[in-house]
Amino acid sequence: MEKPAAADPAFVATPRPNIFFTGKGGVGKTTCACATAVRLARAGRSVLLVSTDPASNLDEVLGVSLGLVPVSVPEVPGLSAMNLDPERAAAEYRERIVGPARGVLPESLVRSMDEQLSGACTVEIAAFDLFAGILAGETRPAGVEVVIFDTAPTGHTLRLLKLPAAWSGFLESNTTGNTCLGPLQGLKEKQELYAEAVRVLADPELSEVILVSRPQAASFRETERTRRELADLGICRLHLIVNGLLPGGTDPMAATWTSRAAAAVACMTPSLAGLPRTTVPLNASAFHGIAALGGFFSNGTADFSGPVHYEPPLAPSWDDLVNDLASDPHGMIMTMGKGGVGKTILAAKIAEALASRGISVVLATTDPASHAAEACANRSIEVVSIDAVAETAAYRDEVLASAGAGLDPEGRALLDEDLRSPCTEEIAVFRAFARIVERGAAGLVVCDTAPTGHTLLLLDATQAYHRELGRQTTIGVPESVLQLLPRLRDPAFNRILIVTLPEATPVHEAGALERDLARAAIRPYGWIVNQALGLTPTRDPLLRAKAGQEDRWLREVLSRPGRAYAVPWREDYLY
Amino acid sequence: MKTITVFDKPMCCSSGVCGPSVDPALARFADDLRWLAGQGVQVTRHNPAHDATAFMHDPIIREAMKDGGEAVLPVIVVDGEERSRQRYPERGELAAWANLNLASDPATSTQGDCCGKTGCC
């Protein structure tokens, strides 16, 4: 058994029972969460690692197939792991309800029960229920001392952390009838469970949130936004990890990298700078094997065998991409991919490039944590985003004005109560998405999406609602909603660019995304490999070694059938 | 005390606000049930998406679905007797089944079917 080393961060030396790792996509949440889990297990603790990311790659990192039930990680005694995959959680939840009815109730009814339970709110609730159960202790496996949550990129995670309070408030004030969680009478226990989850999250002795950030201004800005939102939820025990600091560049490009990182660190807000902080240096290669991660926080920069003489492959460039896209100035261009691969910045740069050729474009985003407006330098381009709070309020007003029109004050109050369900936000956001897509019918929309998991849930919801529309009257359904799925599937309307980095996990995840899209009958336009270090002139040994590591992934993408473009590394092209 | 049991179509929530479109009839019906409960009627609502066991164990609804399947829903049962299927009845009709006088409620005296079985006209 290892004793805690002097270099261990405070959250490892004195771990709380619940540790959350959060941050923008690609900042290294999973690596930091795994490193902490391995370190604590080695120190003799019983640790459960839980991924709440719908597009989790924890399986790949741990080399173990994960599901809704914890499994042991053979390489690391004391460590078990599970994956709160919302789709699988929803499937189990559905089966619990629908299973017993199969063969007993009419087949048509069983089928439509199944469809009803495939909507966005069921998917969200099923995963959230498991999450709240672990947090409140109800379904926490016996003997586990520390639960480490490796969370989805920020927007999705903030929603998950807000749900206990939202549902427990809703159940408290809702006095009648049914909710999406089931008949109200059966929910007394749930209400207690959610209230307990709220209490655990806000107790600094029980929960700690680790904010993981890259040493970059944009990354710190988002981290600061997250810190504020967590403070609003009463979550106050925080720790900052600055991940991937380049120790000292040896050529102009690397030196710029180092000095910009130093400037970004110096310009953090006082509240962020005042948090307990751990700085982790950049490594040339990804860590191989879970066991190697035990030294992540104390190793310093790993050795590399430089200098490397590396020649990159030839690849279609940024200009080729813009030329291809400009040939049809209508419909929608969507950037999709794992968090942190540069979807937002590429969407903004594509919009700028097309606008500079005189094409009229709108830049849109479906990411609740987007900074698309900041990323776009051309102020004359209209930027459209989905403000979940405003959309939900507008949707509520609209329903009260239409469906509530003939009701007396008490009836309206009843409808209003139903509309205050946290589910309403899902449908409001979905309708806002449909309106954004509709704008592509009149011009060109360049759309930045949320990280993969969140986007796939949105597409699943689109399909579920589309099936539902097939069953019921479509009176009162906006045209934008009716046309949504057909538009997304039409390759002449919708051009999807799958964005990846030349690294193992983003390339694997991009492949999985392409397969998921194929299941929804959506075919992407092409791939972009962003941030290829090998395409830059740097001679810095550490960066050159990193470029050598990337080569195999760059070539793998370029050799795929279909279009692929490569964009060289740029300091400002990461987010 | 009168007992009214509603066997709904599979729905997410009782007013349908979380689906792609909101059916005003559902909002109106939820309000009518609230009114009935306020008049002392015992109202129970079963949604197969949450509460399939109620459908599996109730002989009346199983009998109703034997031929028509899901299409017969919603089914309204009053004191153990099926009163309507495939539609959400108006408040006046519900009141009549529950032996309530619609006109006695000032909030609703101007709406509903006042010449129903209550004979209030």
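Note that the coordinates shown come from a computational prediction; the quantities given were computed from them, not determined experimentally. (Residues numbered from 1 in each chain as written. Chains lettered and ligands numbered in written order. Predicted model: local features only at pLDDT ≥ 70, side-chain atom pairs only at ≥ 80, totals over all residues.)

Colleague: So, the overall build of chain B: which residues are in play, and what are the values?
Modeller: Counting secondary structure elements, chain B contains four helices and four strands. Helices and strands appear in chain B in the N-to-C order β-α-β-α-α-β-β-α. Buried positions account for 47% of the 121 residues belonging to chain B. Summarising the internal contacts of chain B: among those between residues at least 6 apart in sequence, 43% fall at separations of at least 24. (Helix = DSSP H or I, 4+ residues; strand = E, 2+ residues; numbered from the N terminus. Buried ≥ 20, exposed ≤ 12 C-beta atoms within 10 Å, placed from the backbone. Contact = placed C-beta atoms within 7 Å.)

Colleague: Just give me the short version of the overall build of chain A, but keep the residues and values in it.
Modeller: Scanning chain A from terminus to terminus reveals 21 helices and 17 strands. Compactness check: chain A gives a C-alpha radius of gyration of 24 Å against a globular reference of 25 Å for 575 residues, within 12% of the reference. In terms of overall dimensions, chain A has C-alpha extents of about 75 × 60 × 50 Å along its principal axes. Relative to all contacts within chain A whose residues are 6 or more apart in sequence, the contacts with residues 24 or more apart total 77%. (Rg over C-alpha atoms; globule rule 2.2 N^0.38 Å.)

Colleague: I'd like to hear about the packing of helix α17 (residues 423–438) of chain A against helix α19 (residues 479–489) of chain A, residue by residue, with values.
Modeller: All names here are of chain A. Where α17 contacts α19, the two axes come as close as 9 Å, and the packing angle between them is 65°. The hand of the α17/α19 crossing is left-handed. Residues Arg431, Ala434, Arg435, Val437 and Glu438 of α17 form the contact with α19, whose own contacting residues are Ser480, Val481, Gln483, Leu484, Arg487 and Leu488. Residue classes in the contact of α17 with α19 are distributed as five nonpolar, two polar and four charged. (Axes fitted to C-alpha atoms, helices over the stretch in contact; angles between N-to-C directions. Left-handed = near helix turned anticlockwise from the far one by under 90°. Nonpolar A, V, L, I, M, F, W, Y, C, P; charged D, E, K, R; others polar.)

Colleague: Break down the confidence of the model for chain A for me, citing the residues and quoting the values.
Modeller: For chain A, per-residue confidence averages 85 on the pLDDT scale, and 91% of positions sit at 70 or higher. Here residues 301–307 of chain A scores under 50 on pLDDT; set against residues more than four positions off or in separate chains, the count is 16 contacts. (pLDDT = per-residue confidence, 0-100.)

Colleague: If you had to explain the sheet that holds strand β4 (residues 79–83) of chain A to someone new, which residues and values would you point to?
Modeller: Spatially, eight strands are ordered β3-β4-β2-β5-β1-β8-β9-β10 (chain A) in an open sheet, and the strand pairing comes out mixed. The open sheet has two free edges, formed respectively by β3 (71–72) and β10 (277–281) of chain A, since each of these has just one partner strand. (Pairing = 2+ DSSP bridges.)

Colleague: Before we move on, can you summarise the sheet that holds strand β2 (residues 42–46) of chain B with the specific residues and values?
Modeller: All names here are of chain B. Within the open sheet, the four strands sit side by side as β2-β1-β3-β4. Their pairing is mixed. The open sheet has two free edges, formed respectively by β2 and β4 (81–85), since each of these has just one partner strand. Ignoring strand direction, the axes of neighbouring strands in this sheet form an average angle of 20°. Here strand β3 (residues 75–78) runs beside β4; their pairing, made up of four bridges, is antiparallel. Among the inter-strand pairings, isoleucine 76 is bridged to a residue of β4, identified as serine 84.

Colleague: For the packing of helix α15 (residues 388–402) of chain A against helix α16 (residues 409–419) of chain A, give the residues involved together with the corresponding values.
Modeller: Residue and element names in this part refer to chain A. Where α15 contacts α16, the two axes come as close as 10 Å, and the packing angle between them is 150°. Of the possible angle classes, the one that applies to α15 and α16 is roughly antiparallel. Every pair of crossing elements has a handedness; the one defined by α15 and α16 is right-handed. On the side of α15, the interface is formed by Arg396, Val399 and Leu400, while α16 contributes Arg412, Leu415, Asp416 and Leu419. Residue classes in the contact of α15 with α16 are distributed as four nonpolar, no polar and three charged. (Parallel < 35°, antiparallel > 145°, perpendicular 65-115°, else oblique.)

Colleague: Got a sec to walk through helix α13 (residues 343–356) of chain A? Specific residues and values, please.
Modeller: All names here are of chain A. If you check α13, its first and last C-alpha atoms are 20 Å apart, about what 14 residues at 1.5 Å a residue would give, namely 20 Å. Burial of α13 is extensive: 11 of the 14 residues sit out of reach of the surface. Three or more residues of α13 are buried, namely Lys343, Thr344, Ile345, Leu346, Ala347, Ala348, Lys349, Ile350, Ala351, Ala353 and Leu354. Glycine 358 sits one or two positions beyond α13 and adopts a positive phi of about 85°. (Expected span 1.5 Å × (residues − 1).)

Colleague: A description of the environment of leucine 160 of chain A should follow, citing residues and the corresponding values.
Modeller: Residues and elements named next belong to chain A. One can find leucine 160 in helix α7 (residues 154–173). For the pair leucine 160 and glutamine 463, spaced 303 residues apart in sequence, the C-alpha to C-alpha distance is 23 Å. Ignoring any residue separated from it by four or fewer positions in sequence, one finds leucine 160 in contact with Thr52, Phe128 and Phe131.

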